Amino acid sequence: MRAQNHIFIVVLFLLNNFGFSQNTEKIFAVYEPIKKGEKVYVFEGTCALKAQANLSSKTLMEIPLGEALTLETDYLIKESLRVTNPPFIKVRFRGKTGYVRSSSLAFEKLVYEKEETSFLFKLNSPKDTIHGITIKEVYANKTVLNEVKEPLPAESFSIYLSDNKGLTDVEKLLIIDFYAEACGMNGGIAYYSWSPSKLALIANLVALFDADVYAKEEKLIFPTDEGGKDGTVLFYSETNELVDEATEWINKTVVTRAYQWKDGGLLPSFNEHVETE
């Protein structure tokens, strides 16, 4: 939950080797192009490779979910957010060069070969000025096991996978880190638990920073974190508000709560957590 000024977009994560990748952040900037020669990946069930950059042109082939395409030109990925008539991208696939709709693609792929499992992430078009992320769990590049939607409160984010942090009946955590801006834009973290064919939201946390005047940050402390407890997830929220700069008067408020981890979720539900405003 760090301050950044870029806007980030579509990410596709697949799992690697005999475990997930380490906590390596993948960041894609809307206003920075993906370069010619880099890979993009099919996000939808199939993707039509067209001979020309229009829907009426000949379809050269249908490309399946999760396949890698090579960019034949730089591409400014903010264009994929267009609600109507998303642009075509020139790509190469298995010796054929053609065009695909930007709305059919994600921009990164990691593979978990043991379980043949993949996660796909794609930024949705804005709704009421707020973006969202569609997350798919896919088996063997064919079957979508889960699809969930996560609101995107900030202009930038990264996505990564971690170990289960001591949670029972969970193989990995999927974490989306939304970067709060100094101008008062919301940030935070979304935590998802994952075990094969089960992807579930644990909690959405808030981070908000307004210059030196106001700061609020929430976090979860898991069993294997420093200060963690077995079978328990600890909630911690700290708010600092400047009252008087001359005398360095700051009001600090701390809220804590302990949740049980039971049957793959928090008890009570995080939706019932203490209001920290």
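The text that follows walks through the structure, step by step, so that each part is easy to find.

Definitions and cut-offs
- Residues numbered from 1 in each chain as written.
- Predicted model: local features only at pLDDT ≥ 70, side-chain atom pairs only at ≥ 80, totals over all residues.
- Heavy atoms only, no water.
- Helix = DSSP H or I, 4+ residues; strand = E, 2+ residues; numbered from the N terminus.
- Buried < 20%, exposed > 50% of the residue type's maximum accessible area, 1.4 Å probe, protein only.
- Contact = heavy atoms within 4.5 Å.
- Salt bridge = Lys/Arg side-chain N within 4 Å of Asp/Glu carboxyl O.
- Pairing = 2+ DSSP bridges.
- Core = buried A, V, L, I, M, F, W, Y, C linked by side-chain atoms within 4.5 Å.

**Looking at the overall build of the protein chain**
Then comes step 1: Within the protein chain one finds 0 helices and 19 strands.
Then comes step 2: In the protein chain, which comprises 277 residues, the share counted as buried stands at 45%.
Then comes step 3: Sequence-distant contacts in the protein chain: of pairs separated by 6 or more residues, those separated by 24 or more amount to 54%.

**Section: the pattern of salt bridges**
Then comes step 1: This structure, assessed with the given rule, holds 8 salt bridges.
Then comes step 2: Across the pair E67 and R94 runs a salt bridge, and its minimum N-O distance is 3.4 Å. Of this pair, E67 sits in the loop between strand 4 (59-64) and strand 5 (68-71) while R94 sits in the loop between strand 6 (88-93) and strand 7 (96-101); the two residues are 27 residues apart in sequence, bridging distant segments of the chain.
Then comes step 3: A salt bridge links E218 to K216; the nearest nitrogen and oxygen atoms lie 4.0 Å apart. The exposure classification of E218 matches that of K216, with both residues buried.

**A short note on the pairing of strand 7**
Regular strands place their side chains on alternate faces of the sheet.
Then comes step 1: Here 6 bridges tie strand 6 to strand 7, and the two strands are oriented antiparallel to one another. Bridging across to strand 7, K90 finds its partner in Y99.
Then comes step 2: Linkage of strand 6 to strand 7, two consecutive antiparallel strands, is achieved through a turn of 2 residues, within which R94 is found at a positive phi near 50°.

**Regarding the nonpolar core**
Then comes step 1: Residues L167, Y191, I202, L220 and F270 are the most contacted members of the largest nonpolar core, which totals 19 residues.
Then comes step 2: The set of elements that each furnish at least two residues to this core consists of strand 13 (172-178), strand 14 (183-195), strand 15 (198-210), strand 17 (232-244) and strand 18 (249-262).
Then comes step 3: Contact partners of I202, with chain neighbours within four places excluded, come to L167, L173, Y191, Y192, S193, L220, W261, L266 and F270.
Then comes step 4: Counting residues in hydrophobic clusters, the runner-up holds 16 residues, among them L123, L152, L161 and F178.

**Some thoughts on the environment of C47**
Then comes step 1: Topologically, C47 is positioned in strand 3 (residues 46-50).
Then comes step 2: Spatially, the C-alpha atoms of C47 and E67 are 9.5 Å apart, while their sequence positions differ by 20 residues.
Then comes step 3: Residues within four places of C47 in sequence aside, it is in contact with V42, M61, E62, I63, V100 and S104.

**A word on the environment of K90**
Then comes step 1: Within the element layout of this structure, K90 appears in strand 6.
Then comes step 2: Sequence-wise, K90 and Y75 are 15 residues apart; in three dimensions their C-alpha atoms are separated by 8.9 Å.
Then comes step 3: If we skip the residues at most four places from it in the chain, K90 touches T70, L71, E72, T73, T97, G98 and Y99.

**Notes on unusual backbone geometry**
Then comes step 1: A cis amide bond links L267 with the next residue in sequence, P268, at an omega value of 0°.
Then comes step 2: Although it is not a glycine, A140 adopts a positive phi angle of roughly 55°.
Then comes step 3: You can see A140 is positioned in the loop between strand 10 (131-139) and strand 11 (143-152).
Then comes step 4: Even without glycine at this site, S197 takes up a positive phi of about 70°.
Then comes step 5: Owing to a relative accessible area of 47%, S197 belongs among the partly exposed residues under this scheme.

**Section: the environment of S103**
Then comes step 1: Structurally, S103 can be placed in the loop between strand 7 and strand 8 (105-106).
Then comes step 2: Judged by its relative accessible area of 24%, S103 is partly exposed.
Then comes step 3: Sequence separation between S103 and L123 is 20 residues; the distance between their C-alpha atoms is 9.5 Å.
Then comes step 4: The residues contacting S103, other than those within four sequence positions of it, are E44, P86 and K122.

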